[in-house]
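Summary of structural features
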Amino acid sequence: MPALNGETRSRIGQGLRDAYVESCDAQPITDDQIQLLLRLRQKERDRRRSA
């Protein structure tokens, strides 16, 4: 998987925030979404440790 530099990640993140901020802010985060975010965070930590 190709790595994205910081500027690219920032631009993608800002674009997603701009697109979804109004529709998502009014809705609570579901338990499934929380679990998904926690698994993603753990995967990020594992990758950093192995690098």
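Before reading further, recall that the structure is shown in the block above.
Below is a short write-up of the structure. This structure is a prediction, so every number in the text was calculated from the model and none was measured.

Conventions used here
Each chain carries its own residue numbering, running from 1 in the direction its sequence is written. Owing to the predicted nature of the model, reporting of local features is limited to residues with pLDDT of at least 70; listing and counting of side-chain atom pairs is limited to 80 or more, with chain, interface and lining totals taken over all residues. Note that the side-chain values use all heavy atoms of the structure and ignore hydrogens as well as water. By definition, any uninterrupted DSSP run of H or I lasting at least four residues is a helix, any uninterrupted run of E lasting at least two residues is a strand, and each is numbered from the N terminus. Only the C-alpha atoms count toward the radius of gyration. The rule for a globule is 2.2 Å times the residue count to the power 0.38. Only protein chains enter the area calculation, which uses a 1.4 Å probe; residues under 20% of their type maximum are buried, those over 50% are exposed, and those in between are partly exposed. We get accessible surface area from the Shrake-Rupley algorithm with a probe of 1.4 Å; when it comes to residues, only the shown protein chains can shield them. A patch consists of residues whose relative accessible area exceeds 30% and which take part in no salt bridge; residues with like charges are grouped when within 9 Å of each other, and nonpolar side chains (Val, Leu, Ile, Met, Phe, Trp, Tyr) when within 5 Å. For this analysis, a salt bridge means a side-chain nitrogen from Lys or Arg found within 4 Å of a carboxyl oxygen belonging to Asp or Glu.

From N to C terminus, the protein includes two helices and zero strands. The globule rule puts the C-alpha radius of gyration for 51 residues at 10 Å, and the 14 Å found for the protein is more than 25% above it. Taken along the three principal axes of its C-alpha coordinates, the protein extends 40 × 25 × 15 Å. Burial analysis of the protein (51 residues in total) assigns 2% to the buried set. Accessible area of the protein: about 5200 Å², with a carbon and sulfur share of 54%.

With that out of the way, let us pick up a nonpolar patch on the surface. A cluster of nonpolar side chains, contributed by Ile29, Ile34, Leu37, Leu38 and Leu40, occupies part of the molecular surface with about 480 Å² of accessible area. Along the chain, Ile29 falls in the loop between α1 (6-25) and α2 (31-50).

A word on the pattern of salt bridges. Inspection of every chain in the model, using the stated rule, returns two salt bridges. A salt bridge links Glu44 to Arg41, with the nearest nitrogen and oxygen atoms 3.2 Å apart. Linking Glu44 with Arg41, this pair stays in helix α2, spanning three residues, or about one helical turn. What makes Glu44 partly exposed here is its relative accessible area of 33%.

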